[in-house]
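Observations on the model geometry
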Amino acid sequence: MQKGIIGKKIGMTQIFDEKGKVIPVTVVEAGPCVVSQKKTVENDGYAAIQIGYGDMKAHKVNKPMKGHFAKGDVAPKRTLREFRVENIDAYNVGDLIKADTFAAGDKIDVTGTSKGKGYAGVVKRWNFGRLKESHGSGPVARHGGSIGMCSDPSKVFKGRKMAGHMGAERVTVQNLTVVKVDAENNLIAIKGAIPGPNGGTVIIHDSVKA
């Protein structure tokens, strides 16, 4: 991975290309991010940079993180992420990473937290079938039914599809295309939809499929 940045999803809109064709895009406020730490093969076993995004008030930072930011002489940041890079010497602690690290036409992956949809039953959550309501199914037309466990093995195996919390999961959408970069306002327009609600934090990096 060569490039990466942290941003905030602003919302969706549409832009027109040179032929007048409408392109649906998601606008992300990307950075500016600051390099808060460098990890080297000699000290950590791998080469990576840690970058921070979003200012945070000093009194809300716990003591370990205060020491971490003080060591790098950078202001406290709300979100920290690591990006593995090949040329670690190209970065220094305190460097700013802005939206212009990407350009129109770049292929990227975007990671975010999907919208939470609360507690959901198996029909909505897993697309289960339902019983007919005409003859004797009672009030269980949308229930999950038996899960097939008796005295042996006396437990429900992990991964069983059941009712539960739906959404609010880490999701990565791969192989998206950067349509436009506004370096002055730190905005990136990405073709299509990306995960998460408006205002949610997203991670943008080079596409693994590119």
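Please refer to the structure higher up on the page.
Residues numbered from 1 in each chain as written. Predicted model: local features only at pLDDT ≥ 70, side-chain atom pairs only at ≥ 80, totals over all residues. Heavy atoms only, no water.

With that settled, the discussion passes to the overall build of the chain. Assigned secondary structure in the chain consists of three helices and 12 strands. For 210 residues, the compact-globule estimate of 2.2 N^0.38 gives 17 Å, and the C-alpha radius of gyration of the chain, at 23 Å, exceeds that figure by more than 25%. The C-alpha extent of the chain, read off along each of the three principal axes, is 70 × 55 × 35 Å. For the chain, the residues scored as buried account for 34% of the 210 residues in total. Considering only contacts in the chain between residues 6 or more positions apart, those separated by 24 or more positions represent 70%. Working note: accessible area of the chain is about 13,100 Å², and carbon and sulfur atoms make up 50% of it. Distance between charge centroids for the chain: 11 Å, based on 33 positive and 20 negative side chains. (Helix = DSSP H or I, 4+ residues; strand = E, 2+ residues; numbered from the N terminus. Rg over C-alpha atoms; globule rule 2.2 N^0.38 Å. Buried < 20%, exposed > 50% of the residue type's maximum accessible area, 1.4 Å probe, protein only. Contact = heavy atoms within 4.5 Å. Areas by Shrake-Rupley, 256 points an atom, 1.4 Å probe, with all protein chains shown as cover. Lys, Arg positive; Asp, Glu negative; His and termini not counted. Charge placed at Lys NZ, Arg CZ, Asp CG, Glu CD.)

This part covers the pattern of salt bridges. Here the structure, examined in full by the defined rule, presents three salt bridges. Here Asp106 ties to Lys3 by a salt bridge, and the two come within 2.9 Å at their closest N and O atoms. Taken as a pair, Asp106 in the loop between strand 6 (96-97) and strand 7 (107-113) and Lys3 in the segment before strand 1 (4-16) lie far apart in primary sequence, 103 residues in all. Residue Asp55 is joined to Lys77 by a salt bridge in which the shortest nitrogen-to-oxygen separation is 2.7 Å. Of this pair, Asp55 sits in strand 4 (residues 48-55) while Lys77 sits in strand 5 (residues 77-84), and the two are 22 residues apart along the sequence. Residue classification places Lys77 among the buried residues on the basis of a relative accessible area of 13%. (Salt bridge = Lys/Arg side-chain N within 4 Å of Asp/Glu carboxyl O.)

On to the environment of Arg78. For Arg78, the location among the structural elements is in strand 5. The residues touching Arg78, leaving out its near neighbours within four places in the chain, are Tyr53, Gly54, Asp55 and Met56.

This part takes up the packing of aromatic side chains. By the definition in use, this model includes zero aromatic pairs. A cation sits over an aromatic face here: Arg84 above Tyr46, 4.3 Å from the ring centre. (Phe/Tyr/Trp six-rings, centres within 6.5 Å; stacked < 30°, edge-to-face > 60°. Lys NZ or Arg CZ within 6 Å of the ring centre and 35° of its normal.)

Let us look at the pairing of strand 1. Bridge count for strand 1 against strand 12 (residues 201-206) is five bridges, and the pairing is antiparallel. The residue of strand 12 that forms the bridge with Gly7 is Val202. Of the strand pairs in this sheet, strand 1 and strand 2 (residues 22-30) are connected by nine bridges, and their pairing is antiparallel. Note that in strand 2 the partner of Gly7 across the bridge is Ala30. Taking the residues that link successive antiparallel strands as the turn, the strand 1-strand 2 hairpin has five residues, and the phi of Gly20 there is positive, at about 85°. (Pairing = 2+ DSSP bridges.)

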